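Descriptive structure summary
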Amino acid sequence: MNSEKTKEQCIAEMNARRERRIAKRKQQERLIEEGVLCGFSLTYHGACAQVAVPHTGRKDARCDEHKDIMCTNCGNRASHECDYIGMLVCGFPLCKDCSHPHRKRVK
Ligand SMILES: [Zn+2]
Ligand SMILES: [Zn+2]
Ligand SMILES: [Zn+2]
């Protein structure tokens, strides 16, 4: 018996996997919009998407882990981690209105 997959089967499986991933992401985005899931954006990871603390509600809902994280620049609630990559990923929390300066690497 030949159990090897044909190329077509492999491609079909790959496409199905990709579609599932896209569908999952879309659903996740909707739940974040609805304030069900944490929308805090993590470096390397995208949205946190853990179940948000109820009540924070709407748009910038946050999970327990991220609900008290403040922007390092202005002190408002942070929405994401700085994804600047120097020697290491910066990772400082920032709100959506802020960026913070990074020293340009001099070669
Ligand atoms: Zn979170
Ligand atoms: Zn800020
Ligand atoms: Zn930074």
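What this report covers is the structure whose coordinates are included nearby. Just so we're clear, the structure is a prediction, and the values are computed from it rather than from any experiment.

1. Observations concerning unusual backbone geometry
- Its identity is not glycine, yet Tyr44 carries a phi of approximately 75°, on the positive side.
- Positionally, Tyr44 belongs in the loop between β1 (41–42) and β2 (46–47).

2. Here's the deal with the environment of Leu31
- For Leu31, the position within the fold is in helix α1 (residues 7–33).
- By the C-beta count within 10 Å, which is 18 here, Leu31 ends up partly exposed.
- It is 9.8 Å that separates the C-alpha atoms of Leu31 and Ala52, two residues lying 21 residues apart in sequence.
- Here Leu31 is in contact with Val36 and Leu37, once residues within four sequence places are set aside.

3. Some points on the nonpolar core
- In this structure, Ile32, Leu37, Cys38, Phe40, Cys48, Ala49, Ala52 and Ala61 together form the largest nonpolar core, which totals eight residues.
- Leave out the neighbours within four places in its chain, and Ala49 touches Gln28, Ile32, Leu37 and Cys38.

4. Section: α1
- Counted at 1.5 Å a residue, the expected span for α1 with its 27 residues is 39 Å, and the 39 Å between its end C-alpha atoms agrees.
- With one of 27 residues buried, α1 lies mostly on the surface of the structure.
- Gly35, located one to two residues past α1, shows a positive phi value of around 80°.

Cut-offs applied
- Residues numbered from 1 in each chain as written.
- Chains lettered and ligands numbered in written order.
- Predicted model: local features only at pLDDT ≥ 70, side-chain atom pairs only at ≥ 80, totals over all residues.
- Helix = DSSP H or I, 4+ residues; strand = E, 2+ residues; numbered from the N terminus.
- Buried ≥ 20, exposed ≤ 12 C-beta atoms within 10 Å, placed from the backbone.
- Contact = placed C-beta atoms within 7 Å.
- Core = buried A, V, L, I, M, F, W, Y, C linked by C-beta atoms within 7 Å.
- Expected span 1.5 Å × (residues − 1).

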